[in-house]
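# Residue-level structure breakdown
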Amino acid sequence: MLTAIASRLKFTYIKQVSISWSGSLKVKTSKMEALELVSSNKIFGGFQKVYSHESSELKCKMNFSVYLPPQAEGGDVKLPVIFYLSGLTCNEQNFITKSGFQRYAAEHGIIVVGPDTSPRGVKIPGDDESWDFGVAAGFYLDATNEPWAKNYRMGSYVNKELYDLILQAFGNVVDGERIGIMGHSMGGHGALVSTLRNPGLYKSVSAFAPICNPTACPWGVKAFSGYLGEDKCKWVEWDATELVKKYDGPPLTLLIDQGAGDSFYIQKQLLPENLVEACRSVGVPVILNLREGYDHSYYYISSYIGEHFAFHAKILKA
Ligand SMILES: N[C@@H](CCC(=O)N[C@@H](CS)C(=O)NCC(=O)O)C(=O)O
């Protein structure tokens with residue numbers, strides 16, 4: 001009994017990442033930001049963990065997931081990292097419980113980080129009235145319009161705060177020179193925009209059913225009007241199809257995956273062809289895989305997640 005309690009209360013400093021941690025514990029990073037371990041489960045020889053922390057960008061408590069593959073054990077090898085950004089209505093759980101990515105992360109020895117999709121619990125009037133705006137629909141941008149501007153800063157949260165936190169907290173196992181990003185739907189838009197706005201921050205990028213041209217689809221127009229206001233000059237700064245036309249960073253190949261039977265694709269919410277056309281106009285390499293009969297769900301993502309890990313591994317481990 002006492003042994004069980006002692007084991008549950010076991011704690012250490014995160015600089016000495018140990019994949020045998022269990023239970024709920026407080027961990028202090030080198031910057032003394034408290035990370036609380038919410039859960040830890042062994043899977044494919046590594047550990048799927050969820051942490052929570054107080055976000056300074058979003059001004060609320062946030063959960064994020066970290067998969068530590070078996071190669072992280074011992075903490076003496078620096079591994080590549082992939083950030084995964086989820087879509088509308090999701091939190092950090094959907095991807096880790098439904099996609100089956102851990103098999104491929106373990107195979108390639110890649111750490112995988114998955115943030116939530118919006119601030120939580122900040123209670124802005126109207127934030128829970130629709131599934132495609134507000135809570136679980138942060139669109140990975142920095143809002144400038146009130147009342148959203150104070151908390152809805154998912155762009156800076158992912159690309160600065162969480163990115164830096166991962167480098168510091170997991171510094172003994174993370175190779176900061178080999179970081180990639182992928183995402184689904186709204187998260188696919190987030191992955192593309194994060195890469196194109198921050199040249200060199202991510203060495204590899206791919207997306208499942210991304211919202212490719214948000215300024216030209218109903219989801220994007222609703223989100224951008226709310227978060228950014230009516231000035232469309234601000235909108236193009238968060239639109240992958242517009243951003244790629246002026247991309248001037250390190251060479252990049254965009255991997256875009258799309259289910260041909262996806263109702264949101266058919267309704268023209270996603271518009272991958274617009275992104276492909278923009279890429280071709282400026283000579284940015286792009287691969288568009290159209291998958292016959294697949295929809296928008298995690299059944300589709302789990303069918304091709306292995307291909308995406310292979311794509312990222314080839315670049316990050318070159
Ligand atoms: N309105 C529907 C559709 C939303 C939807 O398809 N969301 C996608 C991302 S855009 C998703 O990943 N849903 C969660 C899941 O399938 O686990 C819902 O509330 O689930």
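Bear in mind the structure is a predicted one, so any value in this text is a computation, not a measurement.

Cut-offs and rules
Residues numbered from 1 in each chain as written. Predicted model: local features only at pLDDT ≥ 70, side-chain atom pairs only at ≥ 80, totals over all residues. Heavy atoms only, no water. Phe/Tyr/Trp six-rings, centres within 6.5 Å; stacked < 30°, edge-to-face > 60°. Helix = DSSP H or I, 4+ residues; strand = E, 2+ residues; numbered from the N terminus. Buried < 20%, exposed > 50% of the residue type's maximum accessible area, 1.4 Å probe, protein only. Lys NZ or Arg CZ within 6 Å of the ring centre and 35° of its normal. Contact = heavy atoms within 4.5 Å. Near = heavy atom within 4 Å. Polar contact = N/O pair within 3.5 Å; in protein donor to acceptor, adjacent residues only side chain to side chain. Areas by Shrake-Rupley, 256 points an atom, 1.4 Å probe, with all protein chains shown as cover. Nonpolar A, V, L, I, M, F, W, Y, C, P; charged D, E, K, R; others polar.

## So, the packing of aromatic side chains
Any pair of aromatic rings gets described here by the distance separating the centres and the angle formed by the planes. Scanning all chains against the criterion turns up 23 aromatic pairs. A centroid spacing of 6.0 Å and a plane angle of 80° characterise the contact between Phe224 and Trp235, whose relative ring orientation is edge-to-face. On the criterion of sequence distance, the pair formed by Phe224 in helix α6 (residues 218-228) and Trp235 in helix α7 (residues 232-235) is long-range, its members being 11 residues apart. Here Phe224 matches Trp235 in class, with each residue buried. Put simply, the rings of Tyr67, Tyr84, Phe95, Phe101 and Phe309 touch in pairs and so form one group of aromatic residues. Geometry around Trp238 places Arg197 over its ring, the cationic atom sitting 3.5 Å from the centre. Just above the ring of Tyr304 sits the side chain of Arg291; from NZ or CZ to the centre is 3.7 Å.

## Notes on the environment of Cys217
As for its position among the elements, Cys217 is in the loop between β8 (204-208) and α6. The exposure class assigned to Cys217 is buried, which follows from its relative accessible area of 1%. Excluding residues that lie within four positions of it along the chain, Cys217 makes contacts with Ile211, Lys268, Gln269 and Leu271.

## Observations regarding the site of the ligand
Around the ligand lies a shell formed by Gly87, Leu88, Thr89, Cys90, Asn94, Lys98, Trp131, His184, Ser185, Phe264, His296 and Tyr298. Between the ligand and Leu88, the relevant distance is 3.0 Å, taken from a nitrogen atom to a main-chain nitrogen or oxygen of the residue. Lys98 places a polar side-chain atom, nitrogen or oxygen, 2.7 Å from an oxygen atom of the ligand. Contact with the protein chains removes 71% of the 490 Å² of surface that the ligand exposes when unbound. The residue makeup of the shell around the ligand, split by class, is 5 nonpolar, 6 polar and 1 charged.

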